[in-house]
Amino acid sequence: MRAFTYERAGDAAGAARAAARPGAKLIAGGTNLIDLMKLEIETPTHLVDVSRLPLAGIEPTPDGGLRIGAMATNTALAVHPQVRARYPVVAQAVLAGASGQLRNKATVGGNLLQRTRCGYFYDPAKPCNKREPGAGCAALEGFNRMHAILGASEACIATHPSDMAVGMTAVGGRVEPVDGEGRTRALPLSELHRLPGDTPQVETALAPGELITAVVLDPPPAGRQLYRKVRDRASYAFGLASVAVAGGQAALGAVAHRPWRATTAEAALAGGASPDEAAAAELAPAQGRGGNDFKIPLTRRLLAAALAGENA
Amino acid sequence: MQIRLTVNGEPRALEVDVRASLLDVLREGLALKGTKKGCDHGQCGACTVLVDGVRINSCLTLAVMHDGDAVTTIEGVGTPEALHPIQQAFLEQDAFQCGYCTPGQICSALGMLAEAAAGHPSHATADLLAPVELTEPEIRERMSGNLCRCSAYPQIVAAIRQAAEAA
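Residues numbered from 1 in each chain as written. Chains lettered and ligands numbered in written order. Predicted model: local features only at pLDDT ≥ 70, side-chain atom pairs only at ≥ 80, totals over all residues. Heavy atoms only, no water.

J.: For this particular structure, what's the right way to read the interface of chain A and chain B?
T.: When the parts come together, some accessible area is lost, and that loss is often what is quoted as the size of the interface. Contacts between the two partners involve 39 residues from chain A and, on the opposite side, 35 residues from chain B. The interface formed by chain A and chain B includes two salt bridges. Between Asp69 of chain B and Arg52 of chain A there is a salt bridge, with the nearest N and O atoms lying 3.2 Å from each other. The interface formed by chain A and chain B includes 18 residue pairs in polar contact (both at pLDDT 80 or more). Elements with a contribution of two residues or more to the side of chain A that touches chain B: strand 1 (5-8), helix 2 (33-38), strand 3 (46-49), helix 3 (74-79), helix 4 (81-86), helix 5 (88-95) and helix 6 (100-105) of chain A. Class assignment for the residues of the side of chain A that touches chain B results in 19 nonpolar, eleven polar and nine charged. (Contact = heavy atoms within 4.5 Å. Salt bridge = Lys/Arg side-chain N within 4 Å of Asp/Glu carboxyl O. Polar contact = N/O pair within 3.5 Å; in protein donor to acceptor, adjacent residues only side chain to side chain. Helix = DSSP H or I, 4+ residues; strand = E, 2+ residues; numbered from the N terminus. Nonpolar A, V, L, I, M, F, W, Y, C, P; charged D, E, K, R; others polar.)

J.: Honestly, the domain arrangement of chain B in this entry has me stumped. Any pointers?
T.: Residue and element names in this part refer to chain B. Domains assigned within chain B are domain 1 (2-75) and domain 2 (85-166). Taken over C-alpha atoms, the centre of domain 1 sits 22 Å from the centre of domain 2. Between domain 1 and domain 2, the residue contacts involve 15 residues of the former and 16 residues of the latter. Roughly 1,200 Å² of surface becomes buried between domain 1 and domain 2 when both sides are summed, with 56% attributable to carbon and sulfur atoms. Per-residue buried area on domain 1 facing domain 2 is highest for Thr48, Arg55 and Ile74; these three make up 47% of the total on that side. (Domains from an automatic or database assignment. Buried area = accessible area lost by both parts, 1.4 Å probe.)

J.: Any chance you could explain the packing of aromatic side chains here in plain terms?
T.: Geometrically, a pair of aromatic rings is defined through the distance of the ring centres and the angle of the planes. Residues and elements named next belong to chain A. Evaluated as defined, the whole model comprises one aromatic pair over all chains. A centroid spacing of 6.0 Å and a plane angle of 80° characterise the contact between Phe121 and Tyr122, whose relative ring orientation is edge-to-face. Judged on exposure class, the residue Phe121 and its partner Tyr122 are both buried. (Phe/Tyr/Trp six-rings, centres within 6.5 Å; stacked < 30°, edge-to-face > 60°. Buried < 20%, exposed > 50% of the residue type's maximum accessible area, 1.4 Å probe, protein only.)

J.: For this particular structure, what's the right way to read the state of the cysteines?
T.: Here is the idea: a disulfide is a covalent bond, and it sits between the sulfur atoms of two cysteines. According to the stated counting rule, one finds zero disulfides over all chains in the structure shown. You can see Cys137 of chain A has no disulfide; the closest cysteine sulfur is in Cys156 of chain A, sitting 6.0 Å from it. The structure places no disulfide on Cys59 of chain B, whose sulfur is separated from the nearest cysteine sulfur, that of Cys47 of chain B, by 3.8 Å. (Disulfide = S-S within 2.5 Å.)

J.: How do you make sense of the sheet that holds strand 12 (residues 260-261) of chain A when you look at a structure like this?
T.: Backbone-to-backbone hydrogen bonds pair the strands of a sheet. The strands run either parallel or antiparallel. Residues and elements named next belong to chain A. Taking strand neighbours across the sheet as the criterion, the four strands line up as 9-10-11-12 in an open arrangement whose pairing is antiparallel. Looking at the sheet topology across the chains shown, the edges are occupied by strand 9 (225-231) and strand 12. Running over the sheet, helix 5 touches strand 9 and strand 10 (239-246) and is turned about 20° from strand 9. Running at roughly 160° to strand 11 (residues 249-253), helix 8 (residues 164-171) makes contact with strand 9, strand 10, strand 11 and strand 12 of the sheet. (Pairing = 2+ DSSP bridges. Axes fitted to C-alpha atoms, helices over the stretch in contact; angles between N-to-C directions.)

J.: Just to check I follow, could you spell out the side chain of Asn292 of chain A for this structure?
T.: Relative to the helices and strands, Asn292 of chain A is located in the loop between helix 11 (275-283) and helix 12 (295-307). The residues touching Asn292 of chain A, leaving out its near neighbours within four places in the chain, are Asn144, Arg145, His147, Ala148 and Ile149 of chain A.

J.: Help me out: how do you make sense of the pattern of salt bridges in this one?
T.: Close approach of charged atoms allows side chains of opposite charge to pair. Per the counting criterion, the structure on display carries 23 salt bridges over all chains. A cluster of three or more residues bridged by salt bridges with shared partners is formed by Lys25, Glu42, Arg115, Lys130 and Glu203 of chain A.

J.: Explain the pairing of strand 4 (residues 54-57) of chain B to me, please; I cannot follow it from the model alone.
T.: Here is the key point about a regular strand: its side chains alternate between the two faces of the sheet. All names here are of chain B. Pairing between strand 3 (residues 48-51) and strand 4: four bridges, direction antiparallel. Bridging from a neighbouring strand, Leu50 pairs with Arg55 of strand 4. Two successive antiparallel strands, strand 3 and strand 4, enclose a turn made up of two residues, where Asp52 displays a positive phi of approximately 50°.

J.: What am I meant to see in the nonpolar core here?
T.: Buried together is how nonpolar side chains tend to be arranged in soluble globular proteins. Counting residues in each nonpolar core, the largest one holds 50 residues, and the members touching the most others are Val50, Ile68, Leu77, Val90, Leu112, Met168 and Leu217 of chain A. Beyond its immediate sequence surroundings of up to four residues, Leu77 of chain A is in contact with Ile58, Ile68, Val83, Val90, Val94, Val108, Met164 and Met168 of chain A. One finds Ile3, Val25, Val49 and Ala63 of chain B within the second-largest nonpolar core, a separate group that totals 27 residues. (Core = buried A, V, L, I, M, F, W, Y, C linked by side-chain atoms within 4.5 Å.)

What follows is the structure, encoded as structure tokens:
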């Protein structure tokens, strides 16, 4: 691991100021960042520890939504009575990811900002446009069975690995980043993560140093909620595909560079299409790269079954 | 950097490299070799310890981030003369072969049992609002962060079940 300096942040704006400096990074749970630092894929020269900031509260908002502090652990989120009762899709999504130990450490903000688990991103011996812009993408012609089928580019076919974010994306809401001046803005969850395009190294709409202080979920949409995930092991594995349904809203996971709100399927359903037809419409633009071709019918069936309310 | 930890009930003041994981500080700085380094990437669970009673992977956290925290390692669980009920259950159920993953399994089980007692649901819980019943599928799901390359899983599950039922 490369050398760095370390500070424990005193307040959110101060943390954002410190993290805006070149080479600086925020650290909260650290379960992804420290792993990447050991591999020298992440090489921050300064760490700003925000894990002790008092931003871990979870409380209802006046309009019936839920404000989740960015430093709440994944466990605290999944077990919160409000989340279990009113946002089961979010609780189920969190519980479908990682292990008990990791969920106890990982934070809500950090979960959103975790990096892809693309094997080529993790392998410094292989070209990766995300790690080294312009180097090329080894996954295009490589082992790509985990990779994106929607919204990918010739520069990058990596996926966003979060389960939690997929559940949240189906519900909808916003994140609230603060900058070094202490100014907080509202950024729709659907605009937080970017598609790769020609700049896969730019993964979010956050400015350098901006610190997510909270996720504010919309009031739960009317109707049932569920989260379904397909993976290579029964537990403790990243998804091949996942789907979250919240009323008439749906999102897909492990299929794109960001949590994928299934707006095409939602519109089709609202227009009277069957779940099968709606899922087919959502997956119509999907593109496989060989190893991940199977994910297209897999995701289509998973989405159709979830929209029909089946336990796929 | 100077940090203070309470380890197995004893206050300790330490000078640590900011890069040092909590795992390396426990093993190398405090010579508590019971906590094991398996993968060092949060994938195997051999390094599981309890921080303020909560199980975490000690390999994926920096020691400096735990200034002021209370850490429990396997050395703080039971004694050779008076084993903790989980340790006794591991012996009675023959829940290991090589034993390398065992300290992590036991610390993880302690954390897991506390989570279950607090009513935390898991991926195996059908009803998120119902009381937790530690069935075999529940124990397997909740312990999935701890790998055993000898594959003593049936005995590990039996040992945890025995300890849970006795508690």
